[in-house]
Amino acid sequence: MGEKAAKYRAMANAIRALAMDGVQKANSGHPGMPMGMADVATVLFAESLKFDPSDPNWPDRDRFVLSAGHGSMLLYSLLHLTGYPGMDMEELKNFRQLGFKTAGHPEFGHAPGVETTTGPLGQGIGNAVGMALAERILAARLGADVVDHHTYVIAGDGCLMEGISQEAISLAGHLKLGKLIVLWDDNAITIDGGTDISVSDDQRARFAASGWHTIRVDGHDTAAISAALAKARADDTAPWLIACRTIIGYGAPTKQGKSSTHGEPLGAEEIKGAREKLGWTAEPFVVPADILSHWREVGRRGAKEHAAWKARVAKADAKVRQALESPAAASRTKDIEAAIATAKAQFAADTNKRATRVWSQMTLEHLIPVVPEMIGGSADLTPSNGTRTKHHTDVTPGHFAGNYIRYGVREHGMAAAMNGLALHGGIVPYGATFLVFTDYCRPSIRLSALMGQRVVYVMTHDSIGLGEDGPTHQPVEQLAALRAIPNLTVFRPADAIETAECWELALKATDRPSLLALTRQAVPTNLRGGAAGENLSAKGAYVISGGAKRDVTLLATGSEVGLAVEAAAALAKDGIIAAVVSMPSFELFREQPKAYRDEVLGSAPRVGVEAAVAQGWHEWIGNPGTFIGMSTFGASAPAAKLFEHFGITAAKVAEAAKAAAKA
């Protein structure tokens, strides 16, 4: 073994030792992957990855995504060894413990150097596609002299089995994202045993079929790894898969290569044997000074390149500097407010009924020119979703200056890529499909919320109102399921004014994702009447008609607010005073002071109206409360017939309100 190979082996063994020790002390975790991929990670960080621990958020750093998030001790060890702030040895000693940065799976925001939350397998690959795409878009806009970096991924067999991986690699291959490099931990082991019990795919052929370059290396031959990475960096005509044949749990004398090393501590005796086999004599959680020095030198390697980048940025024009130095759209608040005010004034003067998906598209016509950071897209439903405006041009292979992404029929891949676009920085992504297909997006929507990312989900055809396509496409339980996700704001606007207001709120919410549930069928323009001044949707719910004196309160969202207004008018003829409350966002209403909530809800009996299931509504209508909505799946018929069939009509609302008022 040559001098360089010997040095790398010693550095890799530091990762192996820390992984063994951390998992053993926690009595929980996954030592096998970090031990198996230690050589690959060592070469990647020592030679290829562009980073600077003194400035973990350097905009032009390479992104490193650990898609195989269960192997988190690999990442934590690397962050400690290269000198990232806050990742001291105490963090490694308290792996998987409450209050420490070293969670069981990497969590964005916990520690510098963790680029995304991973653990649900395949999500990291999807995020990485978004990051690589963001790099290309920003390079086209700002210039390759200030935006020029790679995205590296370590993915395991499980990541490649997950369906999202196919959506992600297909999109990346189509767009020719040549600065994306996936290092596959090809250890042929899963929890249940060898991969041969469940999968026979030729992964290199699969990636090649999607337009990727591929190469295979011995994942423990540092010279071969180095050569493969150099080859991949030199050819950015397409993304790269580097298949790294590794031994899981490398160095464990009786357990290496076995599934038992995947997800449980090795045990004291096995660790003792591994230390002997690897020639590692240091005590637990101790890295010899010479090896730590090598790693800290790796951590300092990027400082010179970082300084040169800063010098180039200093010479760039002010717009480029602002784009690189400020959060996405940080300076756009007044522009957003002005655009929404203009849209609302225009809408208030418009007497035509339109679907909220159309009002949304009309709102975007005002927003896109003033918020260039917004990058739109749709999962092959652009005409139906209304997400593309006259201000959009498509992002296409080799041409990344556009602002609209054709995601194809890849809902899950779209959502994961949007997380990557947001995480990268410099972009505010929004993407669309039908509301029922949030079921295909849900894991990534959940991660948007967990990571606090500003991603806007535009979900149209939000109820049985989509009509003839029938129950397979009619969302019934989806609104309740989405409202159950913490830190996700779900908007269901009732008219043109609320639609514009909800867009404003979504763009201003920098610490959470938002979802707009929009109708296919037409709704009124301005149910509240009068001038559309204050953003009342910001309160989550407000009284649209009626006052404190009331016999009954009608609470509704979306297209059903119009039904409630009609019902209130009918009730008035019978001498029953009904207040109508529009509730565009349960989440924002929940955040209001109790006094305001009590004022809006009133003390009279309440009737909730929504073309969806009742789960979640009893928080507002009380128990038992009265609810007009769905309790079964829908059916195939024109929308008007369906609302009548399922009893979601103004007449039925009035009937229920009368009964509640008399009770």
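Residues numbered from 1 in each chain as written. Predicted model: local features only at pLDDT ≥ 70, side-chain atom pairs only at ≥ 80, totals over all residues. Heavy atoms only, no water.

Chemist: Even after reading the chapter, I still don't get the overall build of the protein chain, so can you show me in this structure?
Modeler: Of the regular secondary structure elements, the protein chain holds 27 helices and 20 strands. Over its C-alpha atoms the protein chain spans a radius of gyration of 28 Å, differing by no more than 12% from the 26 Å that the globule rule assigns to 663 residues. A principal-axis box enclosing the C-alpha atoms of the protein chain has dimensions of 95 × 55 × 45 Å. Put simply, the protein chain has 663 residues, and 61% of those count as buried. Counted over contacts in the protein chain with a minimum sequence separation of 6, partners at least 24 positions apart contribute 77%. Entry remark: accessible area of the protein chain is about 24,200 Å², with carbon and sulfur atoms responsible for 52%. The distance from the centre of the 66 positive side-chain charges to the centre of the 70 negative ones in the protein chain is 3 Å. (Helix = DSSP H or I, 4+ residues; strand = E, 2+ residues; numbered from the N terminus. Rg over C-alpha atoms; globule rule 2.2 N^0.38 Å. Buried < 20%, exposed > 50% of the residue type's maximum accessible area, 1.4 Å probe, protein only. Contact = heavy atoms within 4.5 Å. Areas by Shrake-Rupley, 256 points an atom, 1.4 Å probe, with all protein chains shown as cover. Lys, Arg positive; Asp, Glu negative; His and termini not counted. Charge placed at Lys NZ, Arg CZ, Asp CG, Glu CD.)

Chemist: Help me understand the side chain of Arg 63 in this model?
Modeler: Summarising the element assignment, Arg 63 is placed in strand S1 (residues 63-66). The charged side chain of Arg 63 is buried without a salt bridge, its nearest counter-charge being Glu 115 at 4.4 Å. Within the local environment of Arg 63, its side chain forms a polar contact with the backbone oxygen of His 424, the two atoms lying 2.9 Å apart. Residues in contact with Arg 63, not counting those within four places in the same chain, are Leu 49, Trp 58, Glu 115, Met 131, His 149, His 150, Thr 151, Tyr 152 and His 424. (Salt bridge = Lys/Arg side-chain N within 4 Å of Asp/Glu carboxyl O. Polar contact = N/O pair within 3.5 Å; in protein donor to acceptor, adjacent residues only side chain to side chain.)

Chemist: Looking at this structure, how should I read the nonpolar core?
Modeler: Burial of nonpolar side chains together is a common tendency in soluble globular proteins. Among the nonpolar cores identified, the biggest contains 127 residues, and Ile 242, Trp 295 and Leu 515 are the most heavily contacted of them. With residues near it in sequence (within four places) discarded, Leu 515 still touches Leu 435, Thr 438, Ile 445, Tyr 457, Met 459, Leu 482, Leu 488, Thr 489, Val 490 and Phe 491. One finds Ala 556, Ala 578, Met 583 and Ala 654 within the second-largest nonpolar core, a separate group that totals 49 residues. (Core = buried A, V, L, I, M, F, W, Y, C linked by side-chain atoms within 4.5 Å.)

Chemist: Help me out: how do you make sense of empty space enclosed by the protein in this one?
Modeler: Over the atoms, a rolled probe matching the size of one water molecule traces out where space is still vacant. Evaluation of the coordinates by the stated rule reveals 2 cavities of 30 Å³ or more. Of the pockets and cavities examined, the largest cavity occupies roughly 80 Å³. Lining the largest cavity are Phe 45, Leu 49, Phe 51, Pro 56, Arg 61, Asp 62, Phe 64, Leu 75, Leu 79, Tyr 84, Gly 113 and Glu 115. Volume-wise, the second largest cavity comes out at about 30 Å³. Forming the walls of the second largest cavity are Phe 64, Val 65, Leu 66, Leu 75, Pro 106, Val 114, Glu 115, Thr 116 and Thr 118. Ranked by the residues each element gives to the lining of the second largest cavity, the list is headed by S1, at 3 residues. Taken together, the residues of the lining of the second largest cavity break down into 6 nonpolar, 2 polar and 1 charged. (1 Å grid on protein atoms, 1.4 Å probe; cavity = no way out; pocket = protein on both sides within 12 Å on 5 of 7 lines; lining within 4 Å. Points joined across faces, edges and corners; volume = space filled by probe spheres on them. Nonpolar A, V, L, I, M, F, W, Y, C, P; charged D, E, K, R; others polar.)

Chemist: Help me understand unusual backbone geometry, please; the structure alone is not making it clear to me.
Modeler: For residues besides glycine, phi is generally negative; the peptide bonds are generally trans as well. Asn 623 connects to Pro 624 through a cis peptide bond whose omega is 15°. Along the chain, the position of Pro 624 falls in the loop between helix H25 (618-621) and strand S20 (626-628). Even without glycine at this site, Ala 188 takes up a positive phi of about 60°. Residue position: Ala 188 is located in the loop between strand S3 (180-186) and strand S4 (189-190).

Chemist: Hey, could you run me through the layout of surface pockets in this one?
Modeler: Looking at the largest pocket, its volume works out to about 1,200 Å³. Contributing to the lining of the largest pocket are 46 residues, with Ser 326, Pro 327, Ala 328, Gly 425 and Gly 426 lying nearest its centre. Among the elements of the structure, helix H6 (123-142), helix H14 (318-325) and helix H18 (411-424) are those that each provide at least two residues to the lining of the largest pocket. In terms of residue count, H14 provides more of the lining of the largest pocket than any other element does, 6 residues in total. Of the residues assigned to the lining of the largest pocket, the class counts are 21 nonpolar, 14 polar and 11 charged.

Chemist: Where do I start with the packing of aromatic side chains in this structure?
Modeler: Any aromatic ring pair is given by two values, namely how distant the centres are and how the planes are angled relative to each other. This structure, assessed with the given rule, holds 15 aromatic pairs. Here the aromatic rings of Trp 617 and Phe 627 are separated by 5.7 Å at their centres, their planes lie at 45°, and the arrangement is tilted. Remark: Phe 627 occurs in strand S20 and Trp 617 occurs in the loop between strand S19 (606-609) and H25; sequence separation between them is 10 residues. Taken individually, Trp 617 and Phe 627 each receive the classification buried, so the pair is uniform in this respect. The rings of Phe 586, Phe 589, Tyr 596, Trp 617, Trp 620 and Phe 627 are connected pair by pair, giving a single aromatic cluster. Just above the ring of Phe 586 sits the side chain of Arg 483; from NZ or CZ to the centre is 3.8 Å. We note Lys 539 situated over the ring of Tyr 596; from NZ or CZ to the ring centre the distance is 5.0 Å. (Phe/Tyr/Trp six-rings, centres within 6.5 Å; stacked < 30°, edge-to-face > 60°. Lys NZ or Arg CZ within 6 Å of the ring centre and 35° of its normal.)

Chemist: What is the right way to look at the sheet that holds S1 in this model?
Modeler: Pairing between the strands of a sheet is mediated by backbone hydrogen bonds and can be parallel or antiparallel. Taken together, 5 strands build an open sheet; the order of strands is S1-S2-S3-S7-S6 and the sheet is parallel. Each edge of the open sheet carries a strand with a single partner, namely S1 and strand S6 (213-218). Along the sheet, successive strands turn relative to each other by an average axial angle of 20°, direction set aside. Strand direction decides the pairing type here: S3 and strand S7 (residues 240-245), joined by 6 bridges, are parallel. Opposite Leu 183, over in S7, you have Ile 242 as the bridge partner. (Pairing = 2+ DSSP bridges. Axes fitted to C-alpha atoms, helices over the stretch in contact; angles between N-to-C directions.)

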